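Analysis of the macromolecular model
Below are the chains, spelled out letter by letter.
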Amino acid sequence: MPGTVVFGIDVESAAEDAAGFARYAAELFSALDTPVTWYLTGKTLERYPEIFQEIERGGLIDLQAHTYNHLLLKTVLIQIPAGRVVHGSTGWFLQRGGTLPEIEEDLDRCQRVFADVLGRRATALTTPWGYYRGLGDRPDLLEIVYQQGFRVLRSFGRDARDGQPVPLAWQPFPYRVQGYPDLLEIMIHDYQDEFYWRAFAAPPDKASYVDHLKAVAQQVATGNLVWSLCSHDSGSGTREDFARTKGWFREVLHYAKGLGMQFLTATQYYQAVMAASLATEEPHVHHR
Ligand SMILES: [Zn+2]
């Protein structure tokens, strides 16, 4: 099998970008009949309940969580490569994570919005900014997200310098060592969007992000890998903006499908992994 794409998009702005994105991206993914996961901040879902209720009824797009208020679960400390400017900084850049009580309150509020608007809780969580090792070195945070009902995390999105790319050699894994064999980390691979590719890789101005992603797709197909591809709702307020900033979606999806790759939502991928693990592994003792 020539690879699997788990495409996930942060829909987080709680403003016109989110509403525009929801409209134009839903049209696109429906037209291409391509499953995708959108990770909504609770604020965004709360602001546009009807829009997302309609998308939920469509059944193609998996609506999941991106915290209520885009709160970081871990502090990010980026060692910026020499000669690069990231987040307007050189040298080092720090973005502070929330405290445990703040995180518990935020995730609880997010889940209450999901229950109010969609009549269910979210089961997958993209943690703002993404971190090195995901939550693997933070069993206290794993306990919180597990208690909140999350079984899929997209929290491992940086390398040892808190930068990117995240190599494809690092593939999704369950948090088994930490005692949560049914909690799956699906990563964010490569660069989390074009702006990070431009900041960290500093390609020539005329280099195309689509060409870069096609090369990634080739690597995924050759290695039969899982590719957790990421994007955001930014720059999607109007149809023209969406066409300009997300024009690569259509081209990359076509290309990946041409290579024979399958597309799965986070939920579909989780179910496939868990079914395979039940079929092949010895029974494990659950941590509770
Ligand atoms: Zn985000």
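Please read these numbers as outputs of a predicted model, since none were measured by experiment.

About the criteria used
- Residues numbered from 1 in each chain as written.
- Predicted model: local features only at pLDDT ≥ 70, side-chain atom pairs only at ≥ 80, totals over all residues.
- Heavy atoms only, no water.
- Donors = N, O, S within 2.8 Å, 3.2 Å for Na, K, Ca; no water.
- Helix = DSSP H or I, 4+ residues; strand = E, 2+ residues; numbered from the N terminus.
- Buried < 20%, exposed > 50% of the residue type's maximum accessible area, 1.4 Å probe, protein only.
- Pairing = 2+ DSSP bridges.
- Disulfide = S-S within 2.5 Å.
- Phe/Tyr/Trp six-rings, centres within 6.5 Å; stacked < 30°, edge-to-face > 60°.
- Lys NZ or Arg CZ within 6 Å of the ring centre and 35° of its normal.
- Salt bridge = Lys/Arg side-chain N within 4 Å of Asp/Glu carboxyl O.

1. Comments concerning the coordination of the zinc ion
Summarising the metal site, the zinc ion is bound by the protein donors Glu 12 (OE), His 66 (NE2) and His 70 (NE2), whose distances to it range over 2.0 to 2.1 Å. Sequence spacing among the residues donating to the zinc ion works out to E-x53-H-x3-H. Separated by 58 residues along the polypeptide, Glu 12 in the loop between strand 1 (4-11) and helix 1 (16-31) and His 70 in the loop between strand 3 (61-65) and strand 4 (76-79) bring together distant segments of the chain. On the basis of relative accessibility, which here comes to 24%, the residue Glu 12 falls in the partly exposed class.

2. Regarding the pairing of strand 10 (residues 226-232)
Along strand 10, seven of the seven residues are buried, which leaves the element largely enclosed by surrounding structure. Residues of strand 10 alternate between two faces, with Val 226, Ser 228, Cys 230 and His 232 on one and Trp 227, Leu 229 and Ser 231 on the opposite face, all of them buried. Summarising the sheet, strand 1 and strand 10 pair through seven bridges and their orientation is parallel. What sits directly across from Gly 8, in strand 10, is Cys 230.

3. Concerning the state of the cysteines
Under the defined criterion, the tally for this structure stands at zero disulfides. Between Cys 110, a free cysteine, and Cys 230, which holds the nearest cysteine sulfur, the sulfur-to-sulfur gap is 16 Å. By relative accessible area, which is 0% here, Cys 110 ends up buried.

4. Concerning the packing of aromatic side chains
Going through the model one piece at a time under the given rule, you end up with 21 aromatic pairs. For the pair Tyr 196 and Phe 200, a centre-to-centre distance of 5.0 Å together with 85 degrees between the ring planes defines the contact as edge-to-face. With Tyr 196 and Phe 200 both in helix 6 (residues 194-201), this residue pair falls four residues apart, about one helical turn. On the accessibility criterion, Phe 200 (6% relative accessible area) is buried. On the numbers, 4.7 Å between centres and 80 degrees between planes, the contact of Trp 248 with Phe 249 is edge-to-face. Assessed through its relative accessible area of 0%, Phe 249 is described here as buried. Through pairs of rings, three or more aromatic residues link up here, namely Phe 7, Phe 21, Tyr 24, Phe 29, Trp 38, Trp 197, Tyr 209, Phe 242, Trp 248 and Phe 249. Over the ring of Tyr 146 we find Arg 151, and its NZ or CZ is 3.5 Å from the ring centre.

5. Some details on the pattern of salt bridges
The full count for this structure, using the stated rule, is ten salt bridges. For Glu 27, the salt bridge identified is with Arg 239, shortest N-O distance 3.0 Å. Of this pair, Glu 27 sits in helix 1 while Arg 239 is found in helix 8 (residues 239-258), placing the two residues 212 residues apart along the sequence. For Asp 140, the salt bridge is made with Arg 138, and the minimal N-O distance between the two is 2.9 Å.

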